[in-house]
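Structure assessment
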Amino acid sequence: MRCSCCENEIKEDESFYKIDDEFYCDDCVEEQTVTFYRINGGDEPYHEDEVGCYRNRSEYVNDMNVLRGILSKELDYHLERNDEISARRAKEIRIEIQKLEEQKRIVLGGDEK
């Protein structure tokens, strides 16, 4: 049998993979680990791309300040334009900035959620 990717022969004593009814040699398949997080053993898993992990509050606040700066520049851009799409996007950005500021206040100890 041949590898569906590189078309090299897979010998009888070699390991191989079957993926979507195709066969692949060991050289063409890379094993990867995906991390999921659960809150207190709950049912809903969160993919690692959905989770932010911070060493401390200061790191989080710094990241939020950088993001706020990016959003502020984007807001300025859309406020300068005079069209309906930019007006909608400006409104969305204002909401994002407001949520960001609320989260920052919680992290800094202002408002407990």
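First things first, this report covers the structure right here in the doc. (Residues numbered from 1 in each chain as written. Predicted model: local features only at pLDDT ≥ 70, side-chain atom pairs only at ≥ 80, totals over all residues. Heavy atoms only, no water.)

Of the regular secondary structure elements, the chain holds two helices and four strands. Reading the chain from its N terminus to its C terminus gives the helix and strand order β-β-β-β-α-α. The C-alpha radius of gyration computed for the chain amounts to 24 Å, which surpasses the reference 13 Å derived for 113 residues by more than 25%, pointing to a less compact arrangement than a globule. Based on the C-alpha atoms only, the size of the chain along its principal axes is roughly 65 × 40 × 25 Å. Across the 113 residues that make up the chain, the buried fraction comes to 14%. Partitioning the intrachain contacts of the chain with sequence separation of at least 6 by distance along the chain shows that 24% fall at a separation of at least 24. When the accessible surface of the chain is summed, it comes to about 9,700 Å², and 46% of that surface belongs to carbon and sulfur atoms. For the chain, the separation between the mean place of its 17 positive charges and that of its 30 negative charges on side chains is 12 Å. (Helix = DSSP H or I, 4+ residues; strand = E, 2+ residues; numbered from the N terminus. Rg over C-alpha atoms; globule rule 2.2 N^0.38 Å. Buried < 20%, exposed > 50% of the residue type's maximum accessible area, 1.4 Å probe, protein only. Contact = heavy atoms within 4.5 Å. Areas by Shrake-Rupley, 256 points an atom, 1.4 Å probe, with all protein chains shown as cover. Lys, Arg positive; Asp, Glu negative; His and termini not counted. Charge placed at Lys NZ, Arg CZ, Asp CG, Glu CD.)

Turning next to the environment of D20. When you line up the elements, D20 lands in the loop between β1 (16-19) and β2 (22-25). Assessed through its relative accessible area of 71%, D20 is described here as exposed. Along the primary structure D20 and M64 are separated by 44 residues, whereas in three dimensions their C-alpha atoms are 42 Å apart.

Moving on, we come to a nonpolar patch on the surface. On the surface, M1, F16 and F23 cluster together into a nonpolar patch covering about 270 Å² of accessible area. Residue position: M1 is located in the segment before β1. (Patch = residues over 30% accessible without salt bridge, like charges linked within 9 Å, V, L, I, M, F, W, Y side chains within 5 Å. Salt bridge = Lys/Arg side-chain N within 4 Å of Asp/Glu carboxyl O.)

Packing of helix α1 (residues 57-80) against helix α2 (residues 84-107) leaves a shortest axis separation of 9 Å and a crossing angle of 165°. Between α1 and α2, the crossing angle belongs to the class labelled roughly antiparallel. As for how α1 packs across α2, the hand of that crossing is left-handed. Classifying every residue of the contact of α1 with α2 gives 12 nonpolar, five polar and eight charged. (Axes fitted to C-alpha atoms, helices over the stretch in contact; angles between N-to-C directions. Parallel < 35°, antiparallel > 145°, perpendicular 65-115°, else oblique. Left-handed = near helix turned anticlockwise from the far one by under 90°. Nonpolar A, V, L, I, M, F, W, Y, C, P; charged D, E, K, R; others polar.)

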